[in-house]
Amino acid sequence: MSEPQIVLEAKGITKQFPGVLASDNVNFDLRKGEIHALLGENGAGKSTLMNLIYGLHRPDKGEIIVNGKQLDVQSPNDSIAAGIGMVHQHFMLIPVFTVAENVMLGDEVTKRGALDRVTVAEKITEISKQYGLDVDPNALVGPLPVGIQQRVEIVKTLYRNAEIVILDEPTAVLTPQEAEDLFRIMRDLTARGVSIIFITHKLKEVLAVADRITVMRAGRVINTVKPSETDSAQLANMMVGRQVILTVDKKDHEAHEDILKVEGLSVRDQRNLETVHNVSFTVRGGEVLGIAGVQGNGQTELSEALTGLRHPTSGKVTIDGNDLTGKSPRVITEAGLAHIPEDRQRHGLVLSYSVADNMVLCDYYHAPFSSRGVIQPKALDENSRKLINAFDVRTPSPFVNAGKLSGGNQQKVIVARELSRSNVKLVVANQPTRGLDVGSIEYIHSEIIKMRDRGVAVLLISAELDEIMALSDRIAVMYRGQIVAVVDAKKTTREQLGLWMAGAHVETV
Amino acid sequence: MQSEKQSNSLSRKILQAISDASLVPFLAILTAVVLGGIIIAFVGGNPFLAYRGLIEGSFGSTKALSETAVWATPYIFAGLAVALAFKGGLFNIGAEGQLAVGAVSSALIGYALPEWLGFSLPTIIHLPLAIIAGMLMGGIWAGIVGWLKAYTGGHEVINTIMMNYIALNTTSFLLNGVMKDRSPTNVIARTPLIDESARMPAIFEGLRVHWGFVLALFVAFFIWWLLNKTTLGFEIRTVGLNPDAAQYAGINVKRTIILTMVLSGMLAGLAGSIEVTGLNYRHELGFSIGYGFDAIAIALLGKSHPLGIVLSAFLFAAMRNGATRMQFLTQMPVDLISMIQALILLFVAADAIIRYIYRIKAKGERVVLTRGWGG
């Protein structure tokens, strides 16, 4: 057959949200048995388009045609009936249920009123064999590795006879090796006639696995191309609409004396499980130490223990010679910490406070911002105007609530507040650019490098390997709560780091 | 946080903010009044006459005005108590109990202190001592709940309710026992009268309105200033809005929770103190039934803003005070007022109804009364 069969077509889809045209006359089609990548920055409209197809929202204009029939989606049930399955970025699994129970959830098979686990398990085993998706139907989901949990999600869609599978940012939580596995599964699926929409913002993955690539920007489709006809620079250009500098411009570093010293640190999480085991490292003034690792390998607890948000169970933390083990955030801040927290809306900001108030969130209590317990509005005002200018925060005024700003500008408010403090000796930046647009990422990267060049010690924690490689002078890899390797950033490769992140043993350090 | 040049547009902005904030409460009152009127007509009364009676009874004469102010005084204090806790992310249902222990303590200092000392005290010392005793006791009473919340995660809603039972029954025990008025004719559970030196003077000869009312207005202003202009207020509000960010910012969250409850309890205790020293000159079992609970309604209707609380306290006071006149004119039972108050509160709490009826779009974020259990 010369003309490929179209299984799904979206025509002229338009969706207006308050203040945002999330989808602007979008046309998109999916051929039978292809992997069609939907590429774009956060906020480009990828997820909106998929939510419209999946029935979570309804389009204002346009139509969706599945297998030649117009699809009138009122709810996800309609799209499931039409053979569309979706694997969300955050898995929709119940950890205390088995694989079989999770798979049948919402579509339970019963035998005389009781769940019929046997029939379901048989069907799952059959699907596993047919598509090369190895899962044990009787295993509890909770302890399974993330990669396997993702397979369970895919099995769930196939169990419901999905012929079109939407994968929303599936590699965000995977190690490079797990991602390779996923790509193999995706190819197996398409070989058996399943069609896949692969949503991502990672260029390399798209080039590796997709049959066609549709790039979205600001709610519009920019172009649809074949991987053989393009390269990452061109794709990046389409994504952001301008030439992007993929590497950060930085001078050779001159590291000074040790600033942050961590010795034998162990930390427990809220479930009382030890997620950081006996970790030791140092960060010197004038260098960036990047901590690479797949999310959930103890990075969160490590940074919380360093910044005073969590008590370590044992070990010692010193900043510039001061023992700050288990001290409160205020004491550590006064000793010279600037902390860009992992979750900017939970820890970093009070969203219903003004930008000006947020810019003194950690410093409101001392001069010039307050005097004898009374806040000095004039000082707050001057401070915020100065920082808004210096850090290019796009806000209509200092009095606007921080919650009204875009993610990038919210992060800039935090970066401005933390990096402008006069006594900073150590910066702990945890996922400083997650979910931001390229412009903000570049800006925040350059600010971090500026701090390094001023002789400040920087600890960068990030799940984005590209970010780690671009900024770090040395790289430590964290795996299951331990630092498994510390290497010179110039003397390592993505592949090597990926192996360590996946738990491979370290032969040479 | 403004420069003088902007004052023109700023005053307009402030007016805008006030009208935005008060739109829903205003419409809630209007709707409740209209519904109340329909109900009055339905049971055979004349709603216009009834409401005329209500207004005459509460604002129609100097005496009526004075009595409305007398009613409003404890409402303002107790409403501020609940509102301050709201601002700190805490739901203080225990104002009733804190008010009772405050009243008992003030009464005790009021009638017994000179006896213990063996000499009488001048008003300038005795009255403040009585008031401070009530505030302290209310603060301790609520502070226990704050401590439980901060260090054990025990939820303040449950614990303030439990502390209410303890307070009210302990009060009953004391008023029937060691603190009972021993005068031969007395059969009521009440304390002896407090000394003249512990009494709050009236503002005008012949009217019951006392200086406690002025104090209430001053305290309302003070609480506004404390919350919005001081570092302590900044800490309380930050903990209330985002305790995680507060911890990150180096604020001692546990200390702030306890302090917020103590301040809230002090305001509730003050409500009890002022009733004893300014109005009743003794504490009597059952005198305050409902102030502490009406205070929740007042705080909600006033959107936890001190000015809003003064206004809603006046509204509730006027309705309570005018009810008798309404009953006299139309033979409508006084309970009708409770029903209208309940309707107002219902419309404020479930403001989606009001927004739907009047087609108002939601603006800003929702009022968060209390966080999840153990949160």
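In this text, all values refer to a predicted model and were calculated from it rather than measured experimentally. (Residues numbered from 1 in each chain as written. Chains lettered and ligands numbered in written order. Predicted model: local features only at pLDDT ≥ 70, side-chain atom pairs only at ≥ 80, totals over all residues. Heavy atoms only, no water.)

### Describing the overall build of chain B
Point 1. A count of helices and strands for chain B gives 14 helices and 0 strands.
Point 2. For chain B, the α and β elements follow one another from N to C terminus as α-α-α-α-α-α-α-α-α-α-α-α-α-α.
Point 3. For the C-alpha atoms alone, the extent of chain B along its principal axes is close to 65 × 60 × 45 Å.
Point 4. Taking the intrachain contacts of chain B between residues at least 6 apart in sequence as the baseline, contacts between residues at least 24 apart amount to 75%.
Point 5. One finds the centroid of the 26 positive side-chain charges in chain B at a distance of 9 Å from the centroid of its 19 negative side-chain charges. (Helix = DSSP H or I, 4+ residues; strand = E, 2+ residues; numbered from the N terminus. Contact = heavy atoms within 4.5 Å. Lys, Arg positive; Asp, Glu negative; His and termini not counted. Charge placed at Lys NZ, Arg CZ, Asp CG, Glu CD.)

### Comments concerning the overall build of chain A
Point 1. When helices and strands are tallied, chain A shows 17 helices and 24 strands.
Point 2. Radius of gyration (C-alpha) of chain A: 25 Å, near the 23 Å computed for a compact globule of 509 residues.
Point 3. Along the first, second and third principal axes, the C-alpha set of chain A runs to 75 × 50 × 50 Å.
Point 4. In chain A, buried positions account for 53% of the 509 residues.
Point 5. Of the contacts formed within chain A by residues at least 6 apart in sequence, a portion of 67% connects residues at least 24 apart.
Point 6. Here chain A carries 57 positive and 63 negative side-chain charges, and the mean point of each set is 3 Å from the other. (Rg over C-alpha atoms; globule rule 2.2 N^0.38 Å. Buried < 20%, exposed > 50% of the residue type's maximum accessible area, 1.4 Å probe, protein only.)

### Brief notes about the sheet that holds strand S12 (residues 220-225) of chain A
Residues and elements named next belong to chain A.
Point 1. Reading across from one edge, S6-S9-S10-S3-S11-S12 is the order of the 6 strands in this open sheet, with mixed pairing throughout. Where the open sheet ends on each side, the last strands, each with one partner, are strand S6 (84-87) and S12. With strand direction ignored, the average angle separating the axes of adjacent strands in the sheet is 20°.
Point 2. Pairing between strand S11 (residues 212-217) and S12: 5 bridges, direction antiparallel. The residue bridging Ile 213 from the neighbouring strand is Val 225, located in S12.
Point 3. Taken strand by strand, helix H1 (residues 46-54) contacts strand S3 (35-39), S6, strand S9 (164-168), strand S10 (195-200) and S11, and its axis lies near 140° from that of S6.
Point 4. Its contacts with the sheet put helix H6 (residues 176-191) on S3, S9 and S10, and the angle it makes with S10 is roughly 150°. (Pairing = 2+ DSSP bridges. Axes fitted to C-alpha atoms, helices over the stretch in contact; angles between N-to-C directions.)

### With respect to the side chain of B:Glu67
Residues and elements named next belong to chain B.
Point 1. Within the secondary structure, Glu 67 is located in helix H3 (residues 62-87).
Point 2. We classify Glu 67 as buried; its relative accessible area is 14%.
Point 3. Those residues in contact with Glu 67 that sit more than four places away from it in its chain are Arg 208 and Asn 321.

### Focus on a nonpolar patch on the surface
Residues and elements named next belong to chain B.
Point 1. Taken together, the side chains of Phe 26, Leu 30, Val 34, Leu 35, Ile 38, Leu 346, Ile 353, Tyr 356, Ile 357 and Tyr 358 make up a nonpolar region of the molecular surface, amounting to roughly 940 Å² of accessible area.
Point 2. Of all elements in the fold, only helix H1 (7-42) and helix H14 (351-358) reach the threshold of two or more residues within the nonpolar patch.
Point 3. Among the elements that take part in the nonpolar patch, H1 stands out by supplying 5 residues, more than any other.
Point 4. The topology assignment puts Tyr 356 in helix H14. (Patch = residues over 30% accessible without salt bridge, like charges linked within 9 Å, V, L, I, M, F, W, Y side chains within 5 Å. Areas by Shrake-Rupley, 256 points an atom, 1.4 Å probe, with all protein chains shown as cover. Salt bridge = Lys/Arg side-chain N within 4 Å of Asp/Glu carboxyl O.)

### Considerations on the packing of helix H11 (residues 291-301) of chain B against helix H12 (residues 306-330) of chain B
The geometry of a pair of packed helices is captured by two quantities: the angle between their axes and the separation between those axes.
Residues and elements named next belong to chain B.
Point 1. Taken N-terminus to C-terminus, the directions of H11 and H12 make an angle of 130°; their axes are 8 Å apart at the nearest point. Judged by the inter-axis angle, H11 sits oblique to H12. Between H11 and H12 the crossing geometry is right-handed. On H12, the residues touching Asp 294, Ala 297, Ile 298, Ala 299 and Leu 301 of H11 are Ile 309, Ser 312, Ala 313, Leu 315, Phe 316 and Arg 320.
Point 2. Among the residues making up the contact of H11 with H12, the classes are represented as 8 nonpolar, 1 polar and 2 charged. (Parallel < 35°, antiparallel > 145°, perpendicular 65-115°, else oblique. Left-handed = near helix turned anticlockwise from the far one by under 90°. Nonpolar A, V, L, I, M, F, W, Y, C, P; charged D, E, K, R; others polar.)

### Here we look at the sheet that holds strand S22 (residues 457-461) of chain A
Residue and element names in this part refer to chain A.
Point 1. Read across the open sheet, the 6 strands follow the order S18-S21-S22-S15-S23-S24; overall the sheet is mixed. Taken across any chain shown, the strands that pair with only one partner, and hence form the sheet edges, are strand S18 (337-340) and strand S24 (482-488). For this sheet, the mean inter-axis angle between neighbouring strands, taken without regard to orientation, is 15°.
Point 2. Relative to strand S23 (residues 474-479), strand S15 (residues 288-292) runs parallel, the two being bridged by 4 bridges. By the bridge assignment, Leu 289 is partnered in S23 with Arg 474.
Point 3. Here helix H14 (residues 407-419) sits on the sheet in contact with S18 and strand S21 (426-430), set at roughly 175° to S18.
Point 4. Where helix H17 (residues 494-501) meets the sheet, its contacts fall on S15, S23 and S24, and the angle it forms with S23 comes to roughly 30°.

### Description of the pairing of S23(A)
Residues and elements named next belong to chain A.
Point 1. When you tally the buried positions in S23, you get 5 out of 6 residues, the bulk of the element.
Point 2. Where S23 meets S24, 6 bridges bridge the pair, whose relative direction is antiparallel. Bridged to Ile 475 within S24 is Val 487.
Point 3. Linking S23 to S24, which pair antiparallel, is a turn of 2 residues; within it Arg 480 sits at a positive phi near 50°.

### Examining helix H4 (residues 117-131) of chain A
Residues and elements named next belong to chain A.
Point 1. Taking 1.5 Å per residue, 15 residues should reach 21 Å; H4 reaches 21 Å between its end C-alpha atoms and fits that length.
Point 2. Turning to H4, its buried residues number three or more, namely Val 120, Ala 121, Ile 124, Ile 127, Ser 128 and Tyr 131. One side of H4 carries all its buried residues, which in axial view fall inside an arc of 125°. Seen from the buried face of H4, the exposed residues on the opposite side, beyond 90 degrees, are Val 118, Glu 122, Glu 126 and Lys 129.
Point 3. Gly 132 sits one or two positions beyond H4 and adopts a positive phi of about 65°. (Expected span 1.5 Å × (residues − 1). Arc of directions from axis to C-beta.)

### Quick notes on the packing of aromatic side chains
Point 1. For the coordinates displayed, the defined rule picks out 12 aromatic pairs over all chains.
Point 2. Ring centres of A:Tyr353 and B:Phe234 lie 5.3 Å apart, and the angle between their planes is 35°; this geometry places the pair in the tilted category. Separated into two different chains, A:Tyr353 in the loop between helix H11 (344-348) and helix H12 (355-358) and B:Phe234 in helix H8 (residues 231-241) make up a pair that spans both. Summarising the burial analysis for this pair, A:Tyr353 and B:Phe234 share the class buried.
Point 3. Seen in terms of ring centroids, B:Tyr75 and B:Phe316 are 6.3 Å apart; in terms of plane orientation they differ by 85°. Their pairing is edge-to-face. Taken together, the positions of B:Tyr75 in helix H3 and B:Phe316 in helix H12 put the pair 241 residues apart, joining distant regions of the chain. (Phe/Tyr/Trp six-rings, centres within 6.5 Å; stacked < 30°, edge-to-face > 60°.)

### Quick word on the confidence of the model for chain B
All names here are of chain B.
Point 1. When the pLDDT values of chain B are averaged, the result is 89; 92% of them are 70 or greater.
Point 2. Long-range and interchain partners of residues 1-7, a stretch whose pLDDT sits below 50, account for 7 contacts in this model, where long-range means more than four residues apart.
Point 3. Note on residues 364-375: pLDDT is under 50 here. Beyond four places in sequence and across chains, it has 23 contacts. (pLDDT = per-residue confidence, 0-100.)

### Notes on the environment of A:Gly83
Residues and elements named next belong to chain A.
Point 1. Assignment of secondary structure puts Gly 83 in the loop between helix H2 (76-81) and S6.
Point 2. Each C-alpha atom, one on Gly 83 and one on Ala 218, is 29 Å from the other, the two residues being 135 residues apart in sequence.
Point 3. Dropping the residues within four chain positions of it, Gly 83 is found in contact with Asn 161, Ala 162, Glu 163 and Ile 164.

### What to know about helix H9 (residues 299-307) of chain A
Residue and element names in this part refer to chain A.
Point 1. Among the 9 residues that make up H9, 8 are buried, leaving the element largely enclosed by the rest of the structure.
Point 2. Looking only at H9, the buried set comprises Gln 299, Glu 301, Leu 302, Ser 303, Glu 304, Ala 305, Leu 306 and Thr 307.
Point 3. Positive backbone phi, approximately 90°, marks Gly 308, located one or two places after H9.

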